[in-house]
Amino acid sequence: MFDSRSYEVRQRISIGNKYRIYEGDTPILESAQKKLRLKEDFRFTDPETGTERFRVKADSMLDIAAAYDIVDSQTGERVGAVKREAISLFRHEYSLLGPDGDLVATIREDNVPLAIARRLLTTLIPFSYEIVTPDGNAVGEANGAFSLRDRYSIDLFDDALDPRLAVVGMVVIDAIEEN
């Protein structure tokens, strides 16, 4: 699990946000966003056994100020966190924080006109994000496909970023954005 640089996320048709994550053709994780919680709560499980692999919890009740801590459920290790930056109609941006809380990358929408159209017209327009390090180097991207439910690929360009943080973080972003 997480040996690749390419992943696909497919949102499942259901009430609420449910996702299945693939590495190649192999499903590696499933996730469901817990509804009616004061603080966001996501669990990522093994699709075959149902064993919890990752837990994501918001550190506050206010979505606009929350950081979403990502913890490996098997080891208790903190993988990192996703934190929403200033909300803008033009471009959404999130920080990926490493296990020690330092900024390791930023995920931001890379096409401002499409982002505005997506917010004002329809969410059927596929999203696209770029993943860049603090010094501006592109380390990955996430690109949506035209679909009634979200379906997107996450491609990492090198080993500079923990794929668990990038993939789980992107699913969390998708769920809270309700793309």
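Residues numbered from 1 in each chain as written. Predicted model: local features only at pLDDT ≥ 70, side-chain atom pairs only at ≥ 80, totals over all residues. Heavy atoms only, no water.

Asker: Can you explain the pairing of strand 11 (residues 138-144)? Please cite residues and give values.
Answerer: With 5 bridges connecting them, strand 10 (residues 128-132) and strand 11 associate as antiparallel partners. The partner of S128 across the bridge, within strand 11, is N143. Joining the antiparallel neighbours strand 10 and strand 11 is a turn of 5 residues, in which G136 adopts a positive phi near 95°. (Pairing = 2+ DSSP bridges. Helix = DSSP H or I, 4+ residues; strand = E, 2+ residues; numbered from the N terminus.)

Asker: Describe helix 2 (residues 163-177), naming the residues involved and giving the relevant values.
Answerer: Helix length check: helix 2, at 15 residues, gives a terminal C-alpha distance of 21 Å against a target of 21 Å (1.5 Å per residue), a fit within 8%. Among the 15 residues in helix 2, 15 count as buried, and that is most of the element. (Expected span 1.5 Å × (residues − 1). Buried < 20%, exposed > 50% of the residue type's maximum accessible area, 1.4 Å probe, protein only.)

Asker: Explain the nonpolar core residue by residue, including any values.
Answerer: Counting residues in each nonpolar core, the largest one holds 40 residues, and the members touching the most others are F44, Y68, I154, L161 and M170. Residues contacting M170, with those up to four places away along its chain left out, are I107, F127, Y129, A142, Y152, I154 and L165. (Core = buried A, V, L, I, M, F, W, Y, C linked by side-chain atoms within 4.5 Å. Contact = heavy atoms within 4.5 Å.)

Asker: Can you explain the environment of E85? Please cite residues and give values.
Answerer: The residue E85 is located in the loop between strand 7 (78-84) and strand 8 (93-97) in this model. The class for E85 is partly exposed, based on a relative accessible area of 30%. It is 9.7 Å that separates the C-alpha atoms of E85 and A67, two residues lying 18 residues apart in sequence. Non-local contacts of E85, meaning those with residues more than four positions away in its chain, are made with E93, Y94 and S95. Looking at E85, its side chain comes within polar contact range of the side chain of S95, at 2.5 Å. (Polar contact = N/O pair within 3.5 Å; in protein donor to acceptor, adjacent residues only side chain to side chain.)

Asker: Can you explain the side chain of S31? Please cite residues and give values.
Answerer: Position of S31 relative to the elements: it lies in strand 3 (residues 26-33). Here S31 falls in the buried class, since its relative accessible area comes to 4%. A polar atom in the side chain of S31 sits 3.3 Å from the backbone oxygen of R43. Leaving out residues up to four positions away in the same chain, S31 has contacts with N17, K18, Y19, F42, R43 and F44.

Asker: Please give an account of unusual backbone geometry that cites residues and values.
Answerer: Excluding glycine, most residues fall at negative phi; most peptide bonds, likewise, are trans. In this structure, F2 is a non-glycine residue whose phi angle is positive, near 65°. Along the chain, F2 falls in the segment before strand 1 (6-12). Exposure remark for F2: the relative accessible area of 11% places this residue in the buried category.

Asker: Before we move on, can you summarise the side chain of D72 with the specific residues and values?
Answerer: Along the chain, D72 falls in strand 6 (residues 67-72). Reaching out from D72, the side chain makes a polar contact with the backbone nitrogen of Q74 at a distance of 2.8 Å. Not counting residues within four places of it along the chain, the set of residues in contact with D72 comprises R53, F54, E77, V79 and R164.

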